[in-house]
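Listed below are the residues making up each chain.
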Amino acid sequence: MQILHIDSAITGANSVSRELTASIVDSLQQANPEAKVDYLDLAVNAPTHLNAQSMGFRTGQAATTDIERQENAISEALVSQFLAADVIVVGAPFYNFSIPSQLKAWFDRIAQAGRTFKYTATGPVGLAGEKKVIVASTRGGFYSTSEAGQAMEHQESYLKVIFGFMGVTDLSFIRAEGLGMGPEARATAVAAAKEQIQELEAVEA
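Residues numbered from 1 in each chain as written. Predicted model: local features only at pLDDT ≥ 70, side-chain atom pairs only at ≥ 80, totals over all residues. Heavy atoms only, no water.

**Concerning the pattern of salt bridges**
All chains considered together, the criterion is met by 13 salt bridges. Among the salt bridges present, the one from Glu153 reaches Arg139, with a minimum N-O distance of 3.9 Å. In this pair, Glu153 is assigned in the loop between helix 5 (147-152) and helix 6 (156-165) and Arg139 in strand 6 (residues 132-139), connecting sequence segments 14 residues apart. Just as Glu153 is buried, Arg139 falls in that class too. The residue Glu156 makes a salt bridge to Arg139 at a minimum N-O spacing of 3.2 Å. Of this pair, Glu156 sits in helix 6 while Arg139 sits in strand 6, and the two are 17 residues apart along the sequence. This pair shows no difference in class: Glu156 is buried, exactly as Arg139 is. Linked through salt bridges whose partners overlap, the residues forming this network are Arg139, Glu153, Glu156, Arg175 and Glu177. (Salt bridge = Lys/Arg side-chain N within 4 Å of Asp/Glu carboxyl O. Helix = DSSP H or I, 4+ residues; strand = E, 2+ residues; numbered from the N terminus. Buried < 20%, exposed > 50% of the residue type's maximum accessible area, 1.4 Å probe, protein only.)

**A closer look at the sheet that holds strand 1 (residues 2-7)**
Read from one edge to the other, the open sheet built from 5 strands follows the order 2-1-3-6-7, with strand pairing classed as parallel. Every interior strand has two partners, whereas the edge strands, strand 2 (36-41) and strand 7 (170-177), have only one. This sheet shows a mean twist of 15 degrees between the axes of neighbouring strands, independent of strand direction. Both strand 3 (residues 87-93) and strand 6 contribute to a ladder of 7 bridges, which runs parallel. (Pairing = 2+ DSSP bridges. Axes fitted to C-alpha atoms, helices over the stretch in contact; angles between N-to-C directions.)

**So, unusual backbone geometry**
Positive phi, normally seen in glycine, also occurs at Asn96, with a value near 50 degrees. Relative to the helices and strands, Asn96 is located in the loop between strand 3 and helix 4 (101-110). Despite not being glycine, Phe97 has its phi angle at roughly 75 degrees, a positive value. Relative to the elements of secondary structure, Phe97 occurs in the loop between strand 3 and helix 4.

**A closer look at the UniProt feature "binding site: FMN" (unreviewed entry) in the protein**
In this structure's numbering, the residues bearing the UniProt feature "binding site: FMN" (unreviewed entry) are Ser15, Val16, Ser17, Thr138, Arg139, Gly140 and Gly141. Residue classification places Arg139 among the buried residues on the basis of a relative accessible area of 2%. Discounting residues that sit within four places of it in the chain, Arg139 has contacts with Phe94, Ser144, Glu153, Gln155, Glu156, Arg175, Ala176, Glu177, Gly178 and Leu179. Within polar-contact distance, the side chain of Arg139 engages the side chain of Glu177 at 3.2 Å. If we ignore the near neighbours within four places in the chain, the residues touching Gly141 are Glu177, Gly178 and Met181. (UniProt positions renumbered as here; feature names shortened; annotations may be inferred. Contact = heavy atoms within 4.5 Å. Polar contact = N/O pair within 3.5 Å; in protein donor to acceptor, adjacent residues only side chain to side chain.)

**Overview of the packing of helix 3 (residues 66-84) against helix 4**
Two numbers describe how helix 3 lies on helix 4: the axes approach to 8 Å, and their chain directions differ by 90 degrees. Put simply, helix 3 runs roughly perpendicular to helix 4. Facing Glu71, Ile74, Ser75, Leu78, Val79 and Phe82 of helix 3, the residues of helix 4 in contact are Trp106, Arg109 and Ile110. (Parallel < 35°, antiparallel > 145°, perpendicular 65-115°, else oblique.)

**Observations concerning the pairing of strand 3**
Counting buried positions along strand 3 yields 7 of 7 residues, so the element is predominantly enclosed. Taking every second residue as pointing to the same face, both faces of strand 3 are buried, with Val87, Val89, Gly91 and Pro93 on one and Ile88, Val90 and Ala92 on the other. Summarising the sheet, strand 1 and strand 3 pair through 4 bridges and their orientation is parallel. Bridging across to strand 3, His5 finds its partner in Val89.

Have a look at this one:
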């Protein structure tokens, strides 16, 4: 098993999503001792946002400058790393109603026609359907318990769409919300999320 472990929280040791992804990966390794892990910390090493120099994989135009070649190499490395993984564990905190821009930049690099999806006469078809994705979703408030909260949530909803577009159907969320509602609420949310990890293990076993 090849595991790709991705963190995107900018809060370092205070990050709950980092704590949860570490727990998920640890559980996967315990169940699969031969598993190999690639780690990608997007808060430390994020790709640049798409610009005129990094659009080569979308336009199909050959690189003509050193910057374009460097940007193409970044995109190729990221999509190859994603395609090589059997299981992807993603830490996705809730920032301003969506995901961190660093994580969005990663998606923009790996969403490549011919690599992770293709266009057909009947519409796009995902090419990464054999992968399993587990997302550690963290939120300071409560967004899953009301229609108003769900309407403002563009984090899990976006992840469902983008992974689904690439063909992923085996997608699980380990959610901890209400983390900003005080120490007791935070502790309760983390404990509940870790129970979700245990339940996920039981289902897979």
